[in-house]
Amino acid sequence: QVHLVESGGGLVQAGGSLRLSCTASGIIFSNNGMAWYRQAPGKQREWVAILTIGGNTAFADSVKGRFTISSDNAKDTVYLQMNSLKPEDTAVYFCQTTRYGQNYWGQGTQVTVSS
């Protein structure tokens, strides 16, 4: 019932920017906080950013000052704006939400940053 679909990944040069989108269905979008995670090959999935129901945001130290998170409730979409990208940002990026104690994940979108 709950589906999250990410898009916007791709190949970009170091220093460039990308905007990822995550569109949700099966939930009342405005009643849910949303988060972004990423997973690089051979590494644990790590938390990147969160947007709470109340509109508060927080970011991992590794992306602080470079990434922003926002949403368009009318479109049931959350965005991750990624600026000043570094090769170490290369990963599959996932959006996530929690509903009734269950975690839901999108399929992921690949971000590759070349040097």
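Just above sits the structure.
Please read these numbers as outputs of a predicted model, since none were measured by experiment.

S.K.: Quick one: what's the story with the sheet that holds strand β7 (residues 67–72), residue by residue and with numbers?
M.R.: Sheet strands line up and pair through hydrogen bonds in the backbone, either parallel or antiparallel. The four strands are arranged β1-β3-β8-β7 in an open sheet whose pairing can be described as antiparallel. Across the chains shown, the open sheet's two edge strands, defined by having one partner strand only, are β1 (3–7) and β7. This sheet shows a mean twist of 20 degrees between the axes of neighbouring strands, independent of strand direction. Examined bridge by bridge, β7 and strand β8 (residues 77–82) share six bridges and lie antiparallel to one another. Note on β8: the bridge partner recorded for threonine 68 is glutamine 81.

S.K.: Before we move on, can you summarise the environment of histidine 3 with the specific residues and values?
M.R.: On the secondary structure map, histidine 3 appears in strand β1. Among the residues examined, histidine 3 registers a relative accessible area of 47% and is labelled partly exposed. Between the C-alpha atoms of histidine 3 and threonine 97, which are 94 residues apart in sequence, the distance is 9.9 Å. Excluding residues that lie within four positions of it along the chain, histidine 3 makes contacts with Thr23, Ala24 and Ser25.

S.K.: Can you explain the environment of glycine 42? Please cite residues and give values.
M.R.: Within the secondary structure, glycine 42 sits in the loop between β4 (34–39) and β5 (46–51). The exposure class assigned to glycine 42 is exposed, which follows from its relative accessible area of 90%. For the pair formed by glycine 42 and asparagine 103, sequence separation is 61 residues and the distance between their alpha carbons is 23 Å.

Thresholds applied
- Residues numbered from 1 in each chain as written.
- Predicted model: local features only at pLDDT ≥ 70, side-chain atom pairs only at ≥ 80, totals over all residues.
- Heavy atoms only, no water.
- Pairing = 2+ DSSP bridges.
- Helix = DSSP H or I, 4+ residues; strand = E, 2+ residues; numbered from the N terminus.
- Axes fitted to C-alpha atoms, helices over the stretch in contact; angles between N-to-C directions.
- Buried < 20%, exposed > 50% of the residue type's maximum accessible area, 1.4 Å probe, protein only.
- Contact = heavy atoms within 4.5 Å.

Everything listed here is a matter of coordinates, which is why it stays silent on function.
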